[in-house]
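Understanding the architecture of this molecule
Residue strings, one per chain:
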Amino acid sequence: MLFKISLSNIRRSFRDYTIYFFTLVIGISVFYVFNAIGTQAAYMTVTKSRSDIIALLKDLLSGVSVFVSIVLGLLIVYASRFLMKRRKREFAIYLTLGMSKGTISLLLLLETLLIGMGSLAAGLIAGVGLSQLMSALVANLFEADMSAYRFTLSGEAVVKTILCFGITYLVVMLFNSFTVGKFKLIDLIQSDKKAERLYLKNPVLCGAIFLAACAALGYAYRTVSNGAAYLQPTEFMVTVGVGAVATFLIFWSAAGLLLRLAMAMKPMYFRGLNAFTFRQISSKISTTVVSMTVICLMLFVTICTLSAAFSIRNSMNDNIRSFCPADFELEYAGEHSEEISGEPSGETENGKWLYTDVVKKCDAYDYDITQYFSEYVHFHTYTDSSFTLEKSLGDSFKQIENQYSFIRYDTPEDIVRLSDYNALMQLYGRESLTLENDEFIVVCNFQSMRDIRDATLAKGTAMEILGHTLRSKYDECLDGFIDLTSQPLNAGIFIVPDRIADESYADTDLLIGKYAAQTDEEYAVIEARILKDFDNMRATWAKENDGRRITVSYRLDTKTNIVEATVGLGAIVTFLGLYIGLVFLIACGAILALKELSESVNSLPRYLMLRKIGVEEHDISCSLFVQIGIFFLLPLLLACLHSVFGMKFGMYMLEMFGTSKLTESVLITSLMILLIYGGYFLITYLSSKTIIKGNDSD
Amino acid sequence: MALLEIKNIEKYYGNKSSLTKAIDDISFSVEAGEFVAIMGASGSGKTTLLNCVSTIDRVTAGHILLDGTDVTKLKGKALGQFRRDKLGFIFQDFNLLDTLTAYENIALALSVQRRPVRQIDEAVNTIARQLGITDVLQKYPYQMSGGQKQRVASARAVVTEPKLVLADEPTGALDSKSARLLLDRFHYLNREHGATILMVTHDSFTASCASRVLFIKDGKIFNEISRGDDSRKRFFDKIIDVVSLLGGDVSDAL
Ligand SMILES: Nc1ncnc2c1ncn2[C@@H]1O[C@H](COP(=O)(O)OP(=O)(O)O)[C@@H](O)[C@H]1O
Ligand SMILES: [Mg+2]
């Protein structure tokens, strides 16, 4: 009997449950899809380091899933409480008919159970389907071989999903029973009689607050877009806070202001249903200012996250090609030895590693480390402990230090001889440089450092380098780098004439080369051998230490490692961005949709009246469309505006990853928003349309 | 030819197993400029009759001709246009849009007819003056008294100068003073504007304002009296007589 009632209840309030169900199904399927990635990747053929990255990705996704399940859980609780409120009258009827509160609780429990199981089943089926598509993306991101791939069902993900949503439903059930326990019949019966008092806000106050909010927003925008680099964490938080409050105030004042504006345009206002439409919108906005603000900010985060994620991935893959033009780099910063008994320390007394020529050192052990290269450059950098960043900034130092307090200004600048640099550029296939006797050039490709250095170089001040007075050939930095990287990270290297380089300033030994390999197999063999050889070599050095502790400092990078790390990072960023972005979008869409549906139910008498005085169905649909459209569009528009400036800041932060292909990323992001947010809009519009037809029992 | 002609209409509710005959073969006609009241006990079918005339509800059988058009044959878009252009409504519960001011409520009836703004403004102000609601025009429904609300609703109903004004218990929710004021206005609209009014009421005094009263019982026309040259008092007494004949439960028919 009870079961029958709950089933028929669900069927009757189906239009209310559509959004709820839709949200549950999307939420569950997204949850499953991302948790199944680990299992899927296991079926793909990937290299060892990539499977490590996949393991890391899996861990990260699990971590984020906790956050996601909290967000979805809150959303579900919110939605179900919302539905409860809508049904107060129905419960009142049950109560007056003599049904006990316990029975009603049981009824709700059954309903939640039915919906929960239904949505879990539907969500999992959708999720399993979608995750097959997702594998294509996984394979693409990890450049994996898909031939071994087959249809997968991740048992682990299924269990996780059921567990997570099961708990959420349990919370919902508890909440519902609790709410029913508090019901008072009189409140229930009067629940729909509470008329909202609508009044026009004072237009002057509205205008003033709107202007103030715009000004505050302008300030926040300026702060984040102009001086991203100057921003201290506390300042940043303050700016975000100002932005959030301004958003709230804009929505608060927009409701009244929009209406005033429309009312001033009389011919437009008194045309068809416009007066009604504007009043509806205005009252809708003014009763949902808080939700609008929250949704706007969530959309803002979503847009930024998605765009940034796609953009990082895109440019990373591009960057590899340009910033990693050789196969192998050994940077041997030096070594030093000390008595075993002494305190271990990484540095010599004067804080400097002793320069060691690593090729010579290998030669001494009868090992030719250069034998595998078709081409290579072996050189070293110079440093002058009296020529630090502070010195090279000259007069501008004080000012720059104020702006960028986090930079270490006491590090000595890296100096490279012109001939060494040009040899390397030939290896890299890049243009070489020329210098007069008393000139130097700074090469740099890390944008914020470039800006800092350019300010000084523009002044053309002479600098004291390695005991010589030199002037910059150019009034700015040139684009260039030495180390193999995946991103433009070169903070600045001084290229000087060969004549001034005194070997006593020698600092770090560098060996950069390309493997003598024709095929991929040979390449792999060479790489494995050179890494193994170097390991053996180090082990030998460690043994022959004459009773002293030898500490060496070196960094060995190969193109393979850099690519792997980049691909992995790109994939991780993409997945996390997608995951969080999708969940936020769902949450925004669902909240707006539920608000709008309840609005439509409340407005039903108005629509019935409009119909009675002969307003055409078409006009009513149009009015509804405009109302819901503006309701959905307003937070999105403001979020887009926020994002334009937010991304400017983001670009600054993400600069080291490179920010190419931003338009493409924005396009993909827009597409996803259109799909999910637009989907919610459409469902809301269609459901509202049925609601305001008003020809069912409600 | 009569403005409104109702020919043998019937209205059934429900399914085969439980059938309610809300209207059981009613015929009558209303001349242009007439003020007709319909009286009857609760559940006698008054609202149903009005809803059928106003095309809000569909008749099961019979025809309703307004100004020569058979409204029972109207469909879709034509239906809305008919209601919008030919009819004016006044409901017991006012049915004003709570989000709009009095002015906007009245203007809405004109703006959905796509009238130009200047004409709307003029018409609203004129009718407001005639109904004595000029000073409540900028108020919202919740800021008005019942009588004011009903006069605003009446203004909205007649501002488009409809062929026929339909009123369902317009004084039902008003105190006697407001009711009297409203009836005066109806009288004025009927006389000075030449508005044709069809009004449902359970109150004999309200009915005595009309030029003719139809009595309905169980979905059928039970009696009909015209005022003719009688004074209002005399007409009122005649109505009371019929009401007591009907069973006297009319006056507590709310
Ligand atoms: N929508 C409906 N469904 C079923 N029966 C209805 C409906 N509307 C009215 N009725 C029935 O039709 C009869 C006439 O109702 P109505 O016209 O509202 O009476 P009145 O307005 O004179 O009080 C009543 O018996 C009522 O129960
Ligand atoms: Mg009635």
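Residues numbered from 1 in each chain as written. Chains lettered and ligands numbered in written order. Predicted model: local features only at pLDDT ≥ 70, side-chain atom pairs only at ≥ 80, totals over all residues. Heavy atoms only, no water.

1. Brief notes about the overall build of chain A
- Along its length, chain A carries 21 helices and nine strands.
- Contacts in chain A between residues at least 24 apart in sequence constitute 87% of all its contacts with a sequence separation of at least 6. (Helix = DSSP H or I, 4+ residues; strand = E, 2+ residues; numbered from the N terminus. Contact = heavy atoms within 4.5 Å.)

2. Digging into a positive patch on the surface
- Together, A:Arg81, A:Lys85, A:Lys101, A:Lys182 and A:Lys184 line one region of the surface with positive charge.
- Along the chain, the position of A:Lys85 falls in helix 3 (residues 48–86). (Patch = residues over 30% accessible without salt bridge, like charges linked within 9 Å, V, L, I, M, F, W, Y side chains within 5 Å. Areas by Shrake-Rupley, 256 points an atom, 1.4 Å probe, with all protein chains shown as cover. Salt bridge = Lys/Arg side-chain N within 4 Å of Asp/Glu carboxyl O. Lys, Arg positive; Asp, Glu negative; His and termini not counted. Charge placed at Lys NZ, Arg CZ, Asp CG, Glu CD.)

3. Regarding the pairing of strand 7 (residues 493–496) of chain A
All names here are of chain A.
- The side-chain alternation of strand 7 yields two buried faces, one formed by Ile-493 and Ile-495 and the other by Phe-494 and Val-496.
- Bridge analysis of strand 3 (residues 414–417) against strand 7 gives four bridges, and the strand direction is parallel. Across the sheet, residue Asp-414 finds its bridge partner in strand 7, namely Ile-493.
- With three bridges joining them, strand 4 (residues 439–443) and strand 7 adopt antiparallel strand pairing. Note on strand 7: the bridge partner recorded for Ile-441 is Ile-495. (Buried < 20%, exposed > 50% of the residue type's maximum accessible area, 1.4 Å probe, protein only. Pairing = 2+ DSSP bridges.)

4. A few points about the pairing of strand 8 (residues 506–515) of chain A
Residue and element names in this part refer to chain A.
- Strand 8 sits mainly inside the fold: nine of its ten residues count as buried.
- Taken together, the eight bridges between strand 2 (residues 373–382) and strand 8 define a ladder with antiparallel strand orientation. Residue pairing for strand 8: His-378 is matched across the bridge by Leu-511.

5. Some remarks on the packing of aromatic side chains
- Applying the stated criterion across every chain yields a total of 30 aromatic pairs over all chains.
- Note on A:Phe440 and A:Phe494: the rings are 5.4 Å apart at their centroids and 35° apart in plane angle, and the pair reads as tilted. With A:Phe440 in strand 4 and A:Phe494 in strand 7, this pair connects stretches of sequence that are 54 residues apart.
- These aromatic residues form a ring-pair network of at least three members: A:Phe328, A:Phe373, A:Tyr376, A:Tyr515 and A:Tyr523.
- For A:Lys284, the ring lying beneath its charged end belongs to A:Phe631, and the centroid distance is 5.9 Å.
- A cation over a ring is seen here: B:Arg232 above B:Phe205, with NZ or CZ 4.3 Å from the ring centre. (Phe/Tyr/Trp six-rings, centres within 6.5 Å; stacked < 30°, edge-to-face > 60°. Lys NZ or Arg CZ within 6 Å of the ring centre and 35° of its normal.)

6. Remarks on the site of ligand 1
Residue and element names in this part refer to chain B.
- For ligand 1, the full set of nearby residues is Tyr-13, Thr-20, Ala-22, Ala-41, Ser-42, Gly-43, Ser-44, Gly-45, Lys-46, Thr-47 and Thr-48.
- Contact distances for ligand 1 include 3.3 Å between an oxygen atom and a backbone N or O atom of Ser-44.
- Between Thr-47 and ligand 1, the recorded distance is 2.6 Å, taken from a side-chain N or O atom to an oxygen atom.
- Burial of ligand 1 by the protein amounts to 59% of the accessible area it has alone, namely 560 Å². (Near = heavy atom within 4 Å. Polar contact = N/O pair within 3.5 Å; in protein donor to acceptor, adjacent residues only side chain to side chain.)

7. Observations concerning the nonpolar core
- In terms of nonpolar packing, the biggest core is built from 138 residues, with A:Phe34, A:Ile495, A:Phe575 and A:Tyr677 touching the most fellow members.
- In terms of residue count, helix 19 (residues 559–612) of chain A provides more of this core than any other element does, 26 residues in total.
- Built from parts of two domains, this core gets at least three residues from each of domain 1 (1–195) and domain 2 (324–562) of chain A.
- Sequence-distant contacts of A:Tyr677, that is, excluding residues within four places in its chain, are made with A:Ile295, A:Leu299, A:Leu585, A:Cys588, A:Gly589, A:Leu592, A:Phe632, A:Pro635 and A:Leu636.
- Among the nonpolar cores identified, the runner-up in size contains 56 residues, and B:Leu96, B:Ala128, B:Ile197 and B:Ile225 belong to it. (Core = buried A, V, L, I, M, F, W, Y, C linked by side-chain atoms within 4.5 Å. Domains from an automatic or database assignment.)

8. Structural notes on the interface of chain B and chain A
- Across the boundary between the two partners, chain B contributes 28 residues, which contact 26 residues of chain A.
- In this assembly, chain B packs against chain A so that about 2,500 Å² is buried in total across both faces, 61% of it on carbon and sulfur atoms.
- It is B:Thr99, B:Arg114 and B:Tyr142 in chain B that bury the most area against chain A; as a group they hold 22% of the surface buried on that side.
- At the surface where chain B touches chain A, the tally comes to four salt bridges. (Buried area = accessible area lost by both parts, 1.4 Å probe.)

9. Comments concerning the packing of helix 8 (residues 203–226) of chain A against helix 9 (residues 233–264) of chain A
All names here are of chain A.
- Packing of helix 8 against helix 9 brings their axes to within 8 Å, and their N-to-C directions diverge by 145°. Of the two possible hands of crossing, helix 8 and helix 9 adopt the one that is left-handed.
- When its residues are assigned to classes, the contact of helix 8 with helix 9 shows 18 nonpolar, six polar and one charged. (Axes fitted to C-alpha atoms, helices over the stretch in contact; angles between N-to-C directions. Left-handed = near helix turned anticlockwise from the far one by under 90°. Nonpolar A, V, L, I, M, F, W, Y, C, P; charged D, E, K, R; others polar.)

10. Here's the deal with the sheet that holds strand 7 (residues 164–168) of chain B
Residue and element names in this part refer to chain B.
- If you walk across this open sheet you meet the six strands as 6-7-8-3-9-10, and the pairing is mixed. Because the sheet does not close on itself, it has two edges, and the strands there are strand 6 (87–90) and strand 10 (220–226). If you compare each strand with its neighbour and ignore which way they point, the axes differ by 20° on average.
- Across six bridges, the pairing between strand 9 (residues 212–217) and strand 10 is antiparallel. By the bridge assignment for strand 10, Lys-217 is matched with Lys-220.

11. Some points on the environment of B:His187
Residues and elements named next belong to chain B.
- Here His-187 is to be found in helix 6 (residues 176–192).
- The exposure class assigned to His-187 is partly exposed, which follows from its relative accessible area of 26%.
- Those residues in contact with His-187, other than ones at most four positions away along the chain, are Phe-35, Cys-209 and Arg-227.

12. Comments concerning the sheet that holds strand 2 (residues 19–30) of chain B
Residues and elements named next belong to chain B.
- The four strands are arranged 2-1-4-5 in an open sheet whose pairing can be described as antiparallel. Looking at which strands have only one partner, the edges of the open sheet turn out to be strand 2 and strand 5 (69–70).
- As defined by bridge partners, strand 1 (residues 4–14) adjoins strand 2 across nine bridges and the pair is classed as antiparallel. Pairing of Tyr-13 across the sheet is with Thr-20, part of strand 2.
- Here helix 1 (residues 46–53) sits on the sheet and contacts strand 1, strand 2 and strand 4 (61–66); the angle it forms with strand 1, its principal contact strand, is near 120°.

13. Considering a nonpolar patch on the surface
- A contiguous nonpolar patch, built from A:Leu163, A:Ile167, A:Val171 and A:Phe175 and spanning about 350 Å² of accessible area, is present on the exposed surface.
- Note on placement: A:Val171 falls in helix 6 (residues 155–181).

14. A few points about the packing of helix 5 (residues 101–141) of chain A against helix 19 of chain A
All names here are of chain A.
- Relative to each other, helix 5 and helix 19 sit at 150°, their axes nearing to 9 Å. Classed by the angle they form, the pair helix 5 and helix 19 counts as roughly antiparallel. The residues of helix 19 that touch helix 5, namely those facing Met-134, Leu-137, Val-138 and Leu-141, are Val-567, Ala-571, Thr-574, Phe-575 and Leu-578.
- Of the residues in the contact of helix 5 with helix 19, the class split is eight nonpolar, one polar and no charged. (Parallel < 35°, antiparallel > 145°, perpendicular 65-115°, else oblique.)

15. Section: the confidence of the model for chain B
Residues and elements named next belong to chain B.
- In the predicted model, chain B carries a mean pLDDT of 87, and 96% of its residues have values of at least 70.
- Below a pLDDT of 50 lies the segment residues 250–254, which in the model reaches 14 contacts outside its immediate sequence neighbourhood of four places, other chains included.
- What the predictor reports for the complex is a pTM of 0.76 with an ipTM of 0.84. (pLDDT = per-residue confidence, 0-100.)

16. So, the pattern of salt bridges
All names here are of chain A.
- Within this structure, the stated rule accounts for 29 salt bridges over all chains.
- One salt bridge in this structure joins Glu-156 and Lys-58, with 3.7 Å as the shortest N-O distance. Of this pair, Glu-156 sits in helix 6 while Lys-58 sits in helix 3, and the two are 98 residues apart along the sequence.
- When its relative accessible area of 46% is taken as the criterion, Glu-156 is described as partly exposed.
- Salt-bridge contacts for Asp-410 lead to Arg-408; the nearest nitrogen and oxygen are separated by 3.3 Å.
- Look at the salt bridges and you will find they share partners, linking Glu-329, Glu-331, Asp-483, Arg-555 and Asp-557 into a network.

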